[in-house]
Structure formats: structure tokens, C-alpha cells
2 protein chains.
Amino acid sequence: MVTLADVARLSATSRSTASRALNNDARISRATTDRVRLVADALGYRPNLAARSLSTGRSGIIGLILPTGQLTGDPYGAQLVGAVTTRAALGDHATMLWLSHREPSGAVHEVLRNGLVDGLVISIVAQDDPWVNDLLDGPLPCALIGRHTGRDDVSYASIDNILSTRALMAHVLEEGYRRIAMIRGPIGNADSDERYAMYAEALGGPEAVDANLVTVGAFDYDSGYRCAKSLLRSDADCIVAANDHMALGAVDAILDSGLSIPGDVAVTGWDDMREISRATIGLTTVRHDVEAVGREATSILLEMLAGAAGPIQRTLPTSLVVRESTQRQHVPVAVGGG
Amino acid sequence: MVTLADVARLSATSRSTASRALNNDARISRATTDRVRLVADALGYRPNLAARSLSTGRSGIIGLILPTGQLTGDPYGAQLVGAVTTRAALGDHATMLWLSHREPSGAVHEVLRNGLVDGLVISIVAQDDPWVNDLLDGPLPCALIGRHTGRDDVSYASIDNILSTRALMAHVLEEGYRRIAMIRGPIGNADSDERYAMYAEALGGPEAVDANLVTVGAFDYDSGYRCAKSLLRSDADCIVAANDHMALGAVDAILDSGLSIPGDVAVTGWDDMREISRATIGLTTVRHDVEAVGREATSILLEMLAGAAGPIQRTLPTSLVVRESTQRQHVPVAVGGG
DNA sequence: CCTCATCGTGAGAGCGCTCTCACCACGAGG
DNA sequence: CCTCGTGGTGAGAGCGCTCTCACGATGAGG
């Protein structure tokens, strides 16, 4: 293995100088820097990260914690991984992935407190997981993907649930729907809670909401189907689902009941997933940029690592995509598709 | 930060002894070991991995290299990641994920030669990527997921393409199909090459193959569709696709052409992916255990790290799953589903 | 001509761990 | 009683890097 000492010897300087030259220290003269660089290249020198890490207390590695579920089924998780990895590499950090299906108390904690990673990007689903708070209160800088219910003191990058839900609700109200039901996501999940809150706001506040028109799903196809069946019994004429998976379930439930979309019942989703937009019916949904969120969360973490103070919180814009599933008044037109 | 020195002091021993006690060294007396352990637990001591790594030359981290494409669309990549991570953790190793969409010459090489990872598990698609050979010939132990065309000197875990293809071909021949076409995968990909070779063998050898009945796809839906359209013009009565994605494309192409399955044309796939088995028609396919392959490749790497010599190569069994898409002679029955 | 910044460089400690080597105490064997 | 083996422990070097501190050379200002 070629070490810094080798480089120093062959470029006729000290290890100190060689180290500085390779790390862009302005104090080193141009001539020396060039010479050291040349030798390092020639030798194929690679700094040993363990040694550097031991010396600086920094490893140059960030951890990405992802619920296992996010990596199966849809490309969401994969996009996230790609975005985080790419952004981290851009900032000279490597990324280490943890899947949180094993008790994080074991695996995660193990590696979190031993100095392997400098910080964490965390994507959560079940927001009441106790270990999330453990991590947030731990010694490592953390940036969340999505908001965390009940905590305003943490850094995160999130999509804008407030404005997007307002726009969505305004749209269906304008289309003339009146018994607007919701298949919300799990209670305690921040995205889910926020979307529900704005749904309620649009209808005139929580007390104005008809309890029969609200069901709780689990962000998957099956719960969407089940919830929709129940909502149809309550005479819903529009079903607002908190994501596209559940919306697709709702679509199938409606069609299976012999009703038409949007003639009898309208449906909306969330996420604008490609495969689902392509499905049976063009789905009115909210488009947001998964990769941008991952990128932004990573940027936030890197900023914190560079010394930026306080919780950094950023909300990314979304856009309403109107397709046939809510356009009762018009001739159905293929608007979307991508 | 609590260091080994702290533990040693509070348990009234030396750093050397404390280190040995925590690492299960048999030379240390029971009493001392227990005492050290107790103190370590009480202090919440975590060994600093960078220091250990610097000292031992081992990091306890393995790298997993995955083509970006494998993480999008289907759960294949996610299952792989899960299996590798889990198996590695079992062997006290953490896993670091690299996606190879960036030129690996940059990112990968960067981190490979600096002592961060002890070894690599590599999953490849385009097997002619030059960097794969660079890695295989590099200083790090590597275990491949799937075979690598043209190299017998490397360690791998692979599914059995030979026996599975024989069984599959025997099945369709027995069903009475005679113009059996193939949508093979990319040339140079070992799985793809092997499957084609056995397809040819079953028909009486390479020279017995009708060139009009062989097309080259890219393992995705679109190429499956396109290839099938062309094969139908050559009067194929059975289309053997090298994976389920392409098989699904073929199914749609056949139906779009106004033909029936398996009445007019039979179709077979590979992989037995859940979503696809659920699709329009029950697909005869080859089931193999993705997670087992990932697990096995990781085991192999860990064995090599533990000192096992020579290339370790293991082939995992597959099973033929017969569903309606090839059963012309019988009344279609719902056989599969999982 | 001397003082004093300024710039560029070198010496060496230290990061936290492992591991070789040396040591001590004790009991068995001669 | 001395030697030797053995089980248990300690001292200390070393892993490869960074960074503080100190130093020498150079040039400007008095």
C-alpha cells in the first residue's frame, strides 16, 4: 500500500507538507503542490480513510435509513437512494444504506455511535417508531425526508402538503362534488396528518367533516380498495386518496361496484406515479419530485456537517395534475401521461 | 466519547486486557472478562471503527455494487439489497451500497482502494463493462451475483440456468409446440447466454436453430413487445422469453395481434415475479430465489474474508412453474399465484 | 543594519485501537 | 531447591493521517 510517507519521500517534502498539498492548503507554494500531486498521481496514492477518519473525527460517510418497505414495489425508494447517493458524492461523501426492517435498536444503534457515519438522512413511514426520536436526540446530525409529526426542532426536506391539498380540494369543489370523502394515510404520519388537516380545512374545519366520509388506509392498494368500498356505502361522490396506490384500489373498488369514474364518483391520488397514471383511468393527482426531496435532504445534512446551525427546513413545491378521474363536467381528455 | 482507555481504567486493567476481554480472547480469565464487559456496558462503550480498522487493516464493511437499473421498477434489486445486508450483519459486517450509474471508474474506484471496504458483492447486467474486470483483478475479494461470461476464475453465486432451461424446453416440447422462438437477453450477459445455449441444445444444437425465431431483447417490457411482434411474423407458436418483463411484453403483443394464449401462441418467462404472475394470464416461468442468491454470494465473500481460498462457486436450484400460458392441451386452470 | 511580519515548511504528537513481546506468579517435575 | 511450562496480564509500538507549534528564509520598514 502506498502511503503519504511514500509520496512525501518521493516528492522531497515532509508528510505534513504532502498532506497539505493534497488537501488544497493555500499556504503551500504552487510549485510544491504541483510536485506532490504529480508524485501522488504517479504512485496511484489513495488516502486511507480509516486513518483520516481517526485523525479528523470525520469519516466522510453519511448514513441513509430507509424502511424496507420503501424499496419494494414502487421505484420511490430506489429514486431516493439514487438521489441521496448522487448528491452526497457531489459533496465528497459516500453513502451507507441501512434498511430499518431489523430492529434499529440493534443494527442501527450499533453503527451509529461508533463514528462510522458523520450524519444521517432518514426516511420514515411509521413516524411513531421510538428509535426515530432516539436518533434525532442522539449525537449525530440528522436530516429527515418528510416531516416528523410533533417535532419542529428537526431538519427536514418535505413536499408541500398544505398548498397542494388546498389546490386539490379547490379543484374538486369547483367541479361540483359535494360528498367528498377521504382515504387518509396512517395517523401519526406527518404527510398523512397534514393532508387530512387541509382536507378538513377546505370543508370548513374539522367539525364540518362527516365522519362517515373519512377512512384510514395504510398507503397500499388493498386498504385503498377496502376503504373505498366502505365510502361508497356512505354515498361519497368523490374519493380523495392520500396516495396513488390507495387511489388505484379505490378505482378498482368503484368499477367493481358497477359505478363509473368520474360520472358517478371521482377519485384523486397523490404522488403521480408513472405506472399508475398509465392505468385504467387517468388519475388526478399531485405531482412532486421524489429525487428533489432526497437531494435537498442530503444537501441540508451536508450543510449541517459544514457547520450550519439550527434546524434547516425546506419545503418543495408540488403541482396539481388534473386528469379524467375528476372531470365530470367536461369531455374526458387525455391530459397527463408523464 | 468513551474510549477503551476509560473502560480499562474503571475495570482496573490495562487497555490490552480490556481489548482482549471485549474480543473474546480465551487467554483472559473469566473474572476479568466479566468485569470488563460490565464496565463497558455501563459506560455504553462502542469501539471506534476507524481506529480498529486502522489497526487491523479490516473495516468490517463490505461493498455492494448494483446497477441503478436494478433498483427501479421491480423488487428484484430491493430484495437483493435486503438479503445481502441481512447476511452481512449476521457475519458482523456492515454493507455499503454503490449504484453503478455513475462511471464506476470515478466513484467506485475512489472508495475501493482506500481501505474502506474489505470486499465486494457485485451484481452485474452489462457484463462487458470494463470496470467489472478491473474490480475482479483488483486487490479486493469479490463475489459475483450471477455468473460472469468468460471468466471461470471468480467466485459467484448463481441460479441454475442449465437445468431450468432444459426443464422448460422439455415442457414446451412435450406440450407439442414446434416453432419455438426465443426472446433472449443481451448478448454477453451470462444468464442470457446460458439460457440461449440450452434453448439451442434442446432444439438439437446451434445449427438446428432457425435464426428467424431468435431475437435479442434488453430484459424490459418494451423490447419484449417489439421482439414478439417480429417473432409472430415468423409464425412462432411458442415464445420463450428470457425474463418475465419481456414475457409480459410478448403477452401484450400477442393479444394485440388478435391471437390467443396459449391457443395460438404459448409464452414462457423467467423469474416468477409476483406482479407479473398476477397479470392477465398465468405465466409459465422459472422460479428462483433472489434472496437466496444474494445471501449465498454474501456468505461466499465472508468466507473468503475469513481466509477460504480459491474461487468459490455455487449454483442454486430453480423450479419450473407451469401455468396456463403453455397448456394448450389442457383446460386452462389457475395453478399459480405465488 | 536591525527588527519584524509573512510565507512556506518540518517535526512530532495524537487520534483509539490491536497485537507482539515481555513479564510475573504459580505449580509441577527433576 | 531450582528449572521450566503455563495461564494471565501489562507495556508500548504502530496503523496512516492531520494539525499545532515552531522554525528558517525572505523582504519591507525604521
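Higher on the page you've got the structure.
Computed from a predicted structure; not experimentally measured.

Rules and cut-offs
Residues numbered from 1 in each chain as written. Chains lettered and ligands numbered in written order. Predicted model: local features only at pLDDT ≥ 70, side-chain atom pairs only at ≥ 80, totals over all residues. Helix = DSSP H or I, 4+ residues; strand = E, 2+ residues; numbered from the N terminus. Buried ≥ 20, exposed ≤ 12 C-beta atoms within 10 Å, placed from the backbone. Contact = placed C-beta atoms within 7 Å. Arc of directions from axis to C-beta. Near = placed C-beta within 6 Å. Nonpolar A, V, L, I, M, F, W, Y, C, P; charged D, E, K, R; others polar. Pairing = 2+ DSSP bridges. Axes fitted to C-alpha atoms, helices over the stretch in contact; angles between N-to-C directions. Right-handed = clockwise from strand over helix to strand, strands pointing away. Parallel < 35°, antiparallel > 145°, perpendicular 65-115°, else oblique. Left-handed = near helix turned anticlockwise from the far one by under 90°. Expected span 1.5 Å × (residues − 1).

J.: Looking at this structure, I do not really get the overall build of chain A. What am I missing?
T.: Summing up its helical and strand segments, chain A has 13 helices and 12 strands in all. The buried share of chain A, reckoned over its 338 residues, is 49%. Sequence separation of at least 24 residues holds for 67% of the intrachain contacts in chain A that already meet a minimum separation of 6.

J.: Teacher, can you tell me more about helix H2 (residues 15–22) of chain A here?
T.: Because each turn of an α-helix spans 3.6 residues, side chains separated by three or four positions in sequence point in the same direction. All names here are of chain A. Turning to H2, its buried residues number three or more, namely Thr17, Ala18 and Ala21. Summarising the axial view, the buried residues of H2 lie within an arc of 100 degrees, below the 170-degree limit, and thus occupy one face. The secondary structure elements touched by the buried residues of H2 are helix H1 (4–10) and helix H3 (30–43). Where H2 ends, the next residue or the one after it, Asn24, has phi of about 60 degrees, a positive value.

J.: Would you mind showing me how to read the protein's contact with DNA strand D here?
T.: Around DNA strand D sit 26 residues in total, of which Leu4(A), Ser16(A), Ser19(A), Ala51(A) and Thr17(B) are the nearest. When residues of the surface near DNA strand D are traced back to their parent elements, those giving at least two are H1, H2 and helix H4 (49–56) of chain A together with helix H2 (15–22) and helix H4 (49–56) of chain B. A per-element tally of the surface near DNA strand D places H4(A) first, with 5 residues. Class assignment for the residues of the surface near DNA strand D results in 8 nonpolar, 14 polar and 4 charged.

J.: Is there a simple way to think about the sheet that holds strand E8 (residues 238–241) of chain B in this case?
T.: One key point about sheets: their strands pair by backbone hydrogen bonds, in either a parallel or an antiparallel sense. All names here are of chain B. With parallel pairing, the 4 strands of this open sheet are ordered in space as E7-E6-E8-E9. Because the sheet does not close on itself, it has two edges, and the strands there are strand E7 (214–216) and strand E9 (266–268). Ignoring which end each strand starts from, the neighbouring axes of this sheet average 15 degrees apart. Note: strand E6 (residues 180–184) against E8, 4 bridges, orientation parallel. Counted as the bridge partner of Ala181 is Ile239 from E8. Its contacts with the sheet place helix H8 (residues 161–174) against E6, E8 and E9, and it is angled at close to 170 degrees to E9. This element, helix H9 (residues 190–202), spans E6 and E8 of the sheet and lies at about 170 degrees to E6.

J.: What is the right way to read the sheet that holds strand E7 (residues 214–216) of chain A from this model?
T.: All names here are of chain A. Ordered in space as E7-E6-E8-E9, the 4 strands form an open sheet in which the pairing is parallel. The outermost strands of the open sheet, each flanked by one partner alone, are E7 and strand E9 (266–268). Put simply, the sheet's adjacent strands are angled 15 degrees from each other on average, direction ignored. Note: strand E6 (residues 180–184) against E7, 3 bridges, orientation parallel. When the bridges of E7 are listed, Arg184 appears paired with Val216. Across the sheet, helix H11 (residues 244–256) is in contact with E6, strand E8 (238–241) and E9; its angle to E9 comes to roughly 165 degrees.

J.: Can you help me understand the pairing of E6(A) in this one?
T.: Here is the key point about a regular strand: its side chains alternate between the two faces of the sheet. Residue and element names in this part refer to chain A. Counting buried positions over the 5 residues of E6 gives 5, a clear majority of the element. In E6, alternate side chains face the same way, and those of Ile180, Met182 and Arg184 on one face and Ala181 and Ile183 on the other are all buried. As for the winding sense of the linkage, the β-α-β connection from E6 through helix H9 (residues 190–202) to E7 is right-handed.

J.: Can you help me understand the packing of helix H5 (residues 76–90) of chain B against helix H13 (residues 290–305) of chain B in this one?
T.: When two helices pack together, their arrangement is given by the angle between the helix axes and the distance between those axes. Residue and element names in this part refer to chain B. The N-to-C vectors of H5 and H13 enclose an angle of 40 degrees; their axes lie 8 Å apart at closest approach. One finds that H5 runs oblique with respect to H13. Relative to H13, H5 is oriented so that their crossing is right-handed. In contact with Tyr76, Gln79, Leu80, Gly82, Ala83, Val84, Arg87 and Ala88 of H5, H13 contributes Val290, Glu291, Gly294, Arg295, Thr298 and Ser299.

J.: Explain the protein's contact with DNA strand C to me, please; I cannot follow it from the model alone.
T.: Close contacts around DNA strand C come from 26 residues, with Thr17(A), Thr3(B), Leu4(B), Ser16(B) and Ser19(B) the closest. Secondary structure elements with two or more residues in the surface near DNA strand C: H2 and H4 of chain A together with helix H1 (4–10), H2 and H4 of chain B. In terms of residues, the surface near DNA strand C owes the most to one element, H4(B), which gives 5 residues. Of the residues belonging to the surface near DNA strand C, the class tally is 8 nonpolar, 14 polar and 4 charged.

J.: Could you clarify how one ought to interpret the pairing of strand E4 (residues 142–145) of chain A in this entry?
T.: All names here are of chain A. The two faces of E4 match: Cys142 and Leu144 on one face and Ala143 and Ile145 on the other face are all buried. Here 4 bridges tie strand E3 (residues 119–123) to E4, and the two strands are oriented parallel to one another. Residue pairing in the sheet places Leu120 in a bridge with Cys142 of E4. Where E4 lies against strand E5 (residues 155–159), 3 bridges are found, and the strand directions are parallel. Across the sheet, the residue bridging to Leu144 is Tyr156, located in E5.

J.: Is there a simple way to explain H11(A) in this structure?
T.: Residues and elements named next belong to chain A. Look at H11: 18 Å from first C-alpha to last across 13 residues, which is about the 18 Å you get at 1.5 Å a residue. The element H11 is largely enclosed, with a buried count of 10 among its 13 residues. For H11, the set of buried residues is Asp244, His245, Met246, Ala247, Leu248, Gly249, Ala250, Val251, Ala253 and Ile254. Directly beyond the C-terminal end of H11, a positive phi value near 80 degrees is found at Gly258.

J.: I would appreciate a short explanation of the environment of Asn161(B) in the present structure.
T.: All names here are of chain B. The topology assignment puts Asn161 in helix H8. Taking the number of C-beta atoms within 10 Å as the measure of exposure, Asn161 has 25 and is therefore buried. Placed 31 residues apart in sequence, Asn161 and Ser192 show a C-alpha to C-alpha distance of 8.8 Å. Excluding residues that lie within four positions of it along the chain, Asn161 makes contacts with Asp191, Glu194, Arg195 and Met198.

J.: What should I look at first to understand the environment of Ala26(A) in this one?
T.: Relative to the elements of secondary structure, Ala26(A) occurs in the loop between H2 and H3. On a C-alpha basis, the gap between Ala26(A) and Glu194(A) in space is 49 Å, while along the polypeptide they are 168 residues apart.

J.: Explanation requested: unusual backbone geometry in the structure shown.
T.: The phi angle of most residues is negative, glycine excepted, and most peptide bonds adopt the trans form. The omega angle of the peptide bond from Ile261(A) to Pro262(A) is 0 degrees, so this bond is cis rather than trans. Its location among the elements puts Pro262(A) in the loop between H11 and E9. A positive phi angle is found at Ala12(A), which is not glycine, with a value near 55 degrees. Locating Ala12(A) in the fold gives a position in the loop between H1 and H2. Positive phi, close to 65 degrees, is recorded for Asp235(B), a residue that is not glycine.

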